Amino acid sequence: MKIARVQPLARTRAVRGPFDYKLKPEHAEVEVGSVVRVPFARRSMLGVVVELAGESSVTPERLAEPEAVLEDRVPADLVELAMWMASEYCSTPARALALVLAPGAGARTPTRTRQTLEAAITASGLRALHGGAVLTARQRGLLEELERRGPILAAELGTTALRRLEARGLVEIEGRMWRPSPRRPAVGHAPADPLPLTGEQRGALDAVRAASANGRASPLLLHGVTGSGKTEIYLQAAQATLAASRSVIVLVPEIALTPQALARFTARFGDVVAVMHSGLSAAARRIQWRRLRDGEARICVGPRSAVFAPLSDLGLLIVDEEHESSYKHEGDPRYDARAVAERRARAHGALLLQGSATPRPESVIAGARVRLSRRIDARPLPGVEILDMRGRHHPLHPETRLALADLRRQRGKAVVLLNRRGWSNFLSCRACGRVWLCPHCDVALVLHRGGGRMACHHCGHQEPIPSRCPACASTAVARHGAGTERLEHELQGALGDASFPVLRLDADATGTRARAQVLERFAAADGGLLVGTQMVAKGHDFPDVALGVVLDADATLRFPDFRAEERTFALITQLAGRAGRAVSGRVLVQTRAPEARSISFAARHDADGFLAQELSRREALRYPPFASLIRIVCAAGEAAEAQALAGELRQRLDPPGASILGPAPLFRLRGRARSQIVVKAEQRTPAIASVGEAVDALASVASRRGVSVSVDVDPQ
Ligand code: ADP
Ligand code: ZN
Ligand code: ZN
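Residues numbered from 1 in each chain as written. Chains lettered and ligands numbered in written order. Predicted model: local features only at pLDDT ≥ 70, side-chain atom pairs only at ≥ 80, totals over all residues. Heavy atoms only, no water.

Turning to the overall build of the protein chain, a few remarks are in order. Counting secondary structure elements, the protein chain contains 20 helices and 30 strands. Relative to the 2.2 N^0.38 estimate, which gives 27 Å for 716 residues, the radius of gyration of the protein chain is 27 Å and therefore close to what a compact globule would have. Each of the three principal axes of the protein chain carries a C-alpha extent, and together these read 85 × 65 × 50 Å. Per-residue burial over the protein chain gives 53% buried out of 716 residues. Here the analysis covers contacts within the protein chain between residues at least 6 apart in sequence; of these, 75% occur between residues at least 24 apart. Put simply, the protein chain shows about 30,700 Å² of open surface, and 51% of that area lies on carbon and sulfur atoms. If the 98 positive side-chain charges of the protein chain are averaged to one point and the 76 negative ones to another, these points end up 4 Å apart. (Helix = DSSP H or I, 4+ residues; strand = E, 2+ residues; numbered from the N terminus. Rg over C-alpha atoms; globule rule 2.2 N^0.38 Å. Buried < 20%, exposed > 50% of the residue type's maximum accessible area, 1.4 Å probe, protein only. Contact = heavy atoms within 4.5 Å. Areas by Shrake-Rupley, 256 points an atom, 1.4 Å probe, with all protein chains shown as cover. Lys, Arg positive; Asp, Glu negative; His and termini not counted. Charge placed at Lys NZ, Arg CZ, Asp CG, Glu CD.)

If you want it as structure tokens, here you go:
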């Protein structure tokens, strides 16, 4: 008899599989990774086969049989990876397995052929778009959208209009499998042929190839200043990997940066490149998934979820901008794509190659490091000046105002970073002191003047802008602090005009599309300002930015977080990387903490000095990477419930050699009172196991009392 051990994809923590099912003769093809529909708890449920066996401890008559075997089996190594994630992140097998399934697996309505039509722009389409061919505004819009987003489900854009473009050869529409179309060889960005390497690059590539050849290599860190040509190393390392008949995963920090990376890899490798991200339609994702699983595509590019690409014979996993916190997933399981990549690399004997200009202390000690210390164009890094804001009231230092005025006279470009959205940080009543707070969270509401509303940045609650105080009826409402919206407005008033646009990039510009438009306008302008949150410092390539300004640089330092220094250092260094490409690049850093280590090391471009100090500080305080942190948060309608359950959890925790902080109340979020416990452990595995056991033991008690428990291993 053939038994399949099936993990049902149940939502609740209380269901612990796997459970045995006996296989009918017609289900003989079932293997580890097969996705089946099984009867479970008087329902029909999706499950994944995690093991096969010849016998069961349950008598055969009492065993149920799977009702159906679905297509799109998950590769066995991904099943193993999911089971590891379930325990590593104190989650459940069901939740972890859900991450590695084929997109849309088990969807009740089968996808129709008409819906799987995919449209992609062709080489002639690109020429028409950029070469001034006659196009209606709508056609231009469609082509631009296809260029920006890659292949899209035809139905999403309107099949009729696309068919007309197809007739002109500008678009191709495919029914089944999508193949990347040849892309415009963007000047200086995606040369189709390998570039002759600089001496430094050659040394780095040799190190990568040597590490690859050694089957059980530890991770390799490519520490290269911005503009040092890391991408060319990735491309040539990928080429060597493909030549050895192995496959490649390339991770980028966010969806917005995917098209850029995709274009570079597609220009070099053509149709063996696939892309995976949540911005694609379900049908498109499924097509990409199958191309990867069937070996038709051998390189997968995408944000963190691309780490689950169903590729066989992995030889190389690349994590670009490895310092970005977006590699951490915020849903359960709270996995870190960098750690998952490391685990996959180990399982496949593949090389993990992480790259950054500001690597994490964790990565610096995890393996070998190769350096790229010079920029390709040989331009020096920009001079960074620290401007002391203590005792000043105007938000801009006189030096900053002078620099901006000079820049405008010369029609140059600048990027201005302020890590705070909105118009004013908070409102208060001048008469009685009342502060406008979110009704669901213990935080102040932020004024957004453009949207005519007050908004909570934690839960999304919105309400109208008040004209009087509801407590004392006074009309004297004071607005405090300034965010990017107000900064944009003031800089627009002072400096902006038709030929010198002042643009804003932050999370208020919703949607990848709106943000891409802002970036395009800034890139196309001859001069102007780009004002924004940390988004402006991320990976976007502006060749001609002469000036970078950081306002309130110590804002990130005020967070009570052991990574505050690291973040501040990275933010300033990354912005300097954006700003220094033009002749005489310059960066101004306004701060009330001019002596802060992270700021002064960044001003000297001294990454090594910063890392050395940061590592010794962390070692002394037993912070990661010298210990592991595990955060447990209990949330409930009543503060007492959350605190009580956290207390019970605390009682059950007994990890060897670990210190436990809390339970301590956290600010209320989305109407839920919260209580937190932090475990700081030098022995990671037993600590995770201890937390997992305690949480499992209390799972049903917690759900009965309406307390939700979430565990975050390696919180960001
Ligand atoms: P990084 O990722 O390190 O910030 P990039 O990979 O974006 O840097 O490289 C910066 C620029 O230098 C790109 O335009 C790239 O095409 C170019 N480049 C890289 N390597 C070489 C080379 N060996 N010769 C000429 N240009 C190069
Ligand atoms: Zn009042
Ligand atoms: Zn709120």
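Bringing the coordination of the zinc ion (ligand 2) into the picture now. Only C429 (SG), C432 (SG), C469 (SG) and C472 (SG) from the protein coordinate the zinc ion (ligand 2), and they sit 2.3 to 2.4 Å from it. Relative to the metal, the four donor atoms surrounding the zinc ion (ligand 2) lie at angles of 102 to 115 degrees, and the coordination shape comes out tetrahedral. Coordination of the zinc ion (ligand 2) draws on donor residues from a single chain, spaced C-x2-C-x36-C-x2-C in sequence. With C429 in strand β18 (residues 426–429) and C469 in the loop between β21 (462–464) and β22 (477–480), this residue pair connects regions lying 40 residues apart in the sequence. The burial state of C429 is the same as that of C469; both residues are buried. (Donors = N, O, S within 2.8 Å, 3.2 Å for Na, K, Ca; no water. Tetrahedral: all angles 85-135°; square planar, octahedral: opposite > 155°, others 65-115°.)

Below, the discussion takes up the coordination of the zinc ion (ligand 3). Looking at the zinc ion (ligand 3), one finds its protein donor set to be C438 (SG), C441 (SG), C456 (SG) and C459 (SG), positioned 2.3 to 2.4 Å from the metal centre. Geometry at the zinc ion (ligand 3) is tetrahedral, judged from the four donor atoms that bind it and their angles of 106 to 114 degrees at the metal. Sequence positions of the donors to the zinc ion (ligand 3) reduce to the motif C-x2-C-x14-C-x2-C. Placement of the pair is C438 in the loop between β18 and β19 (446–448) and C456 in the loop between β20 (453–455) and β21, with a sequence separation of 18 residues. The two residues C438 and C456 agree in class, both being buried.

Let's shift gears to the packing of aromatic side chains. In the structure shown here, the tally under the stated rule is seven aromatic pairs. Relative to Y335, the ring of F308 lies with its centre 5.1 Å away and its plane at 70 degrees, an arrangement referred to as edge-to-face. Taken together, the residues F308 in the loop between β12 (299–302) and β13 (314–320) and Y335 in the loop between β13 and α11 (337–348) connect sequence positions 27 residues apart. Side by side, F308 and Y335 carry an identical accessibility label, which is buried. Arranged with centres 6.3 Å apart and planes meeting at 65 degrees, the rings of F601 and F610 form a pair that is edge-to-face. In terms of burial, F601 and F610 fall into one category: buried. (Phe/Tyr/Trp six-rings, centres within 6.5 Å; stacked < 30°, edge-to-face > 60°.)

This structure, assessed with the given rule, holds 49 salt bridges. For E399, the salt bridge goes to R586, with nearest N and O atoms at 3.3 Å. Of this pair, E399 sits in helix α13 (residues 398–409) while R586 is found in strand β26 (residues 586–591), placing the two residues 187 residues apart along the sequence. You can call E399 partly exposed: its relative accessible area is 30%. On the accessibility criterion, R586 (24% relative accessible area) is partly exposed. Sharing partners across several salt bridges, the network here consists of E362, R563, E565, E566, R597, E614, R617 and R618. (Salt bridge = Lys/Arg side-chain N within 4 Å of Asp/Glu carboxyl O.)

Our next topic: helix α16 (residues 564–579). Between its first and last C-alpha, α16 extends 23 Å over 16 residues, near the 22 Å set by a 1.5 Å rise per residue. Counting buried residues along α16, 15 of its 16 residues qualify, which places the element largely inside the surrounding structure. (Expected span 1.5 Å × (residues − 1).)

When the terminal C-alpha atoms of helix α14 (residues 484–495) are compared, their 16 Å separation across twelve residues agrees well with the 16 Å that a helix rising 1.5 Å per residue should span. Inspection of α14 places T484, E485, L487, E488, L491 and L495 among the buried residues, and these make up the whole buried set. Down the axis of α14, the smallest arc covering the buried residues is 160 degrees, so these residues share one side. Exposed residues pointing more than 90 degrees away from the buried face of α14 are listed as G493 and A494. (Arc of directions from axis to C-beta.)

Together, F426, V435 and L437 make up an exposed nonpolar region whose accessible area comes to about 220 Å². Here F426 is to be found in strand β18. Classification of F426 as partly exposed rests on a relative accessible area of 31%. (Patch = residues over 30% accessible without salt bridge, like charges linked within 9 Å, V, L, I, M, F, W, Y side chains within 5 Å.)

Relative to the assigned elements, A635 resides in strand β27 (residues 628–636). In this structure, A635 is in contact with A642, R672, A673, R674, G706, V707 and S708, ignoring residues within four places of it in sequence.

Turning next to the sheet that holds strand β15 (residues 368–372). Sheet architecture is open: seven strands sit in the order β11-β12-β10-β13-β14-β9-β15, paired in parallel fashion. Each edge of the open sheet carries a strand with a single partner, namely β11 (273–275) and β15. Within the sheet, the average angular offset between the axes of one strand and its neighbour, ignoring direction, is 20 degrees. As paired elements, strand β10 (residues 247–251) and β13 share five bridges and run parallel to each other. (Pairing = 2+ DSSP bridges. Axes fitted to C-alpha atoms, helices over the stretch in contact; angles between N-to-C directions.)

A cis geometry characterises the amide bond from D332 onward to P333, with omega recorded as -5 degrees. Along the chain, the position of P333 falls in the loop between β13 and α11. Geometrically, the link from P624 to P625 is a cis peptide bond, its omega value of 5 degrees lying close to zero. One can find P625 in the loop between α18 (607–621) and β27. We note that H605 has phi near 55 degrees; this positive angle belongs to a residue other than glycine. Looking at the element boundaries, H605 is found in the loop between α17 (597–603) and α18.

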